[in-house]
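The lines below spell out each chain.
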Amino acid sequence: MSTPLERWVEEQADLMKPDNIYWCDGSEEEAYRLIEKGITHEKINNDQVFFELNHKNWPNSYLHRSHPTDVARTEHLTYVCHPDKETAGPNNNWMDSKEAKEKLSKLSKGCMKGRTMYVLPYMMGHPDSPYSKACIQLTDVSYVAISMRIMTRMGKHIIDKIGSSEDFVKGIHSVGDFNPDRRFIMHFPDEHLVWSIGSGYGGNALLGKKCFSLRIASWLGLKEGWLAEHMIIVGIESPEGDITYIAVAMPSACGKTNLAMLESSLPGYRMWTLGDDIAWINIGEDGRLYAINPERGFFGVAPGTSMKTNPNMIRTLKAGGFFPTLFTNTALDTDTNEPWWEGMDGVQPNSLLDWQGKRFDSSGGEKAAHPNSRFTVSITQCPTLSKEFDNPKGVPISAIIFGGRRAKLTPLVYESFSWQHGVFNAARMGSETTAAAAHAVGQLRRDPMAMLPFCGYNMADYFRHWLNVGKRCANPPKIFFVNWFKTDDSGNFIWPGFRENIRVLKWVIERLNTNNMRAKETPIGFTPDFQDLEVSGLNISKEDLMKLLSVDPSEWTSELSEVKKFFEQFGRRLPMEIWNEFESLKKRLKI
Ligand code: OXD
Ligand code: MN
């Protein structure tokens, strides 16, 4: 008698017609066997799936090159198929489920012919956690199988856990023919199903990540009273040895990974890493918020990562261990067989292949590594891994920080007056776009809670959910905002960023832990007075510092009209509290 899981796998195989079906057991032996096959036999884009790198300097590391049109998330091809368009909201593409499934079935007919279907059993979250979820993904490329093994808790015991239950998260993935016209990433939230075809790129293909742990999980969170967020989770240890846990949301490629394992420039402060991308946040019995990281790996942006910007990531990548490490679309130093990207330590090697495997010639101003080239590496290799990482209950969150990339307007750091005010500020967040998704880079877009591409339902309902979570917490975290990216009149960043960001976090935890840390009240929230931010040893003038911390009401007129336009698209569904906060801000700014 077959189980619902076996029947579901058979049904998909009948549609997609793979040559073989292979159930992954998640073992180390299996991972290296599949990599070997990806080097010697399996082809993708007429090329081998993996290239072995220099294991002396980059232990257990392999390079993968993706299809040239398949290098970032494709938000315009991503759909959330609720029964009605209103539930998906103006923040999502929507298609009727029946129509979506017909389209996908047509595209999937025979799409795995000549290929192996890998069945990946995995868990998002620690298996002992009541918040974790058992999942199955099907895929037709070993790169995705290996990546999922690094990013999640994968193993055949998950199949036993599912047993004869129908309750498992389903993911169907095929790279299809990579044609962007036949590429779709579709979500069916009520069925806990993601169906993705035509892309092998991380956010489109590793279905446990953005697709399940954010888009579908955010919907489950709404139904069940918790939050799935695009946040890092870290513990900040003070010189006294106290650890304060915080969660930080920022849009893609704005420095979350660097912040998650920051090496402090201030003596006595240490950062402990729990996650660099996703947080599932529940209300604990004590009325505090508790966060877990459902993932077990980093899928980080390579360019710009160096011993200067993120030494702990370089150490993680070079640590080696039980898991392989993958590099995707980086350049290759052909003399040493090492991965290379812009912003790496040292001088540019003489002989490089670019991210597409062609001999690199920098005369045209091109980059050798793709700007969104990535590494996939196990969190277990991270030297700053928190001892609480495997705590199934999660860690209590004392502050939530939201951040964006704004050249003007937003000060380095400010604190909201209340939970409701913080939700309003997060709902109106704007950030200049980056290369993590396929769109023009550097344009301002509203990205509430850094969740615009990831909230699996109408964001008006999401804002209401946030307001309700705060009301249900006896002791909600304080909400702060940061902007590392403010520029001076010549367009240079004023704040040095990276390891110096600990100075901002120090102010944040002092505001939480001691009632006597002063702050200046501005129309948008509390900012540090310039003398309250620890800047000793920094080369920053008092004028620049004041510019960095100041709020200039004259810059806010156009901002408010943009925010109003953004909120109006949600119509009557937008909570009244958000409009009330909008009006109060207007009054405080005297606009
Ligand atoms: C990511 C992203 O890959 O946000 O984390 O795009
Ligand atoms: Mn992300």
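Predicted, not measured: the structure shown is a model, and the values here were computed from it.

Draft legend 1. The domain arrangement of the protein chain, seen in detail. On domain assignment, one finds that the protein chain holds domain 1 (4–48 + 69–226), domain 2 (298–381) and domain 3 (398–589). Of note, the centres of domain 1 and domain 2, computed from C-alpha atoms alone, are 27 Å apart. Listed as interface residues are 15 residues of domain 1 and, on the opposing side, 16 residues of domain 2. Surface buried jointly by domain 1 and domain 2 totals about 1,400 Å² across both partners, of which 65% is contributed by carbon and sulfur atoms. Across the domain 1-domain 2 interface, the total number found is zero salt bridges. Taken together, domain 1 and domain 2 are joined by four residue pairs in polar contact (both at pLDDT 80 or more). If you list the elements that add at least two residues to the side of domain 1 that touches domain 2, you get helix 2 (28–40), helix 5 (142–151) and helix 7 (202–205). Element by element, the count of residues in the side of domain 1 that touches domain 2 is highest for helix 5, at six residues. Within the side of domain 1 that touches domain 2, the residues separate by chemical class into nine nonpolar, three polar and three charged.

Draft legend 2. Main features of the layout of surface pockets. When its volume is computed, the largest pocket comes out at roughly 960 Å³. The wall of the largest pocket is formed by 47 residues, among which A253, C254, G255, N258 and R405 lie closest to the centre. Contributions of two or more residues to the lining of the largest pocket are made by helix 7, helix 8 (208–224), helix 9 (256–260), strand 19 (297–301), helix 10 (311–319) and strand 24 (374–378). Here the element with the most residues in the lining of the largest pocket is helix 9; it accounts for four residues. Class assignment of the residues belonging to the lining of the largest pocket gives a composition of 20 nonpolar, 16 polar and 11 charged. Taken as a whole, the second largest pocket spans an internal volume of roughly 290 Å³. Lining of the second largest pocket is provided by 15 residues; of these, E75, N91, N92, R445 and L452 occupy positions nearest its centre. Of the residues in the lining of the second largest pocket, the class split is six nonpolar, five polar and four charged. Residue contributions to the lining of the second largest pocket reach at least three from each of two domains, namely domain 1 (4–48 + 69–226) and domain 3 (398–589).

Draft legend 3. Representation of the coordination of the manganese ion (ligand 2) within the structure. Donor atoms from the polypeptide that bind the manganese ion (ligand 2) are K210 (NZ), H230 (NE2) and D277 (OD), placed at 2.1 to 2.2 Å. Considered as a linear motif, the donors of the manganese ion (ligand 2) on their single chain read K-x19-H-x46-D. Of this pair, K210 sits in helix 8 while H230 sits in the loop between strand 13 (227–229) and strand 14 (231–237); the two residues are 20 residues apart in sequence, bridging distant segments of the chain. Since its relative accessible area comes to 5%, K210 is described here as buried.

The rules behind each value
- Residues numbered from 1 in each chain as written.
- Chains lettered and ligands numbered in written order.
- Predicted model: local features only at pLDDT ≥ 70, side-chain atom pairs only at ≥ 80, totals over all residues.
- Heavy atoms only, no water.
- Domains from an automatic or database assignment.
- Contact = heavy atoms within 4.5 Å.
- Buried area = accessible area lost by both parts, 1.4 Å probe.
- Salt bridge = Lys/Arg side-chain N within 4 Å of Asp/Glu carboxyl O.
- Polar contact = N/O pair within 3.5 Å; in protein donor to acceptor, adjacent residues only side chain to side chain.
- Helix = DSSP H or I, 4+ residues; strand = E, 2+ residues; numbered from the N terminus.
- Nonpolar A, V, L, I, M, F, W, Y, C, P; charged D, E, K, R; others polar.
- 1 Å grid on protein atoms, 1.4 Å probe; cavity = no way out; pocket = protein on both sides within 12 Å on 5 of 7 lines; lining within 4 Å.
- Points joined across faces, edges and corners; volume = space filled by probe spheres on them.
- Donors = N, O, S within 2.8 Å, 3.2 Å for Na, K, Ca; no water.
- Buried < 20%, exposed > 50% of the residue type's maximum accessible area, 1.4 Å probe, protein only.

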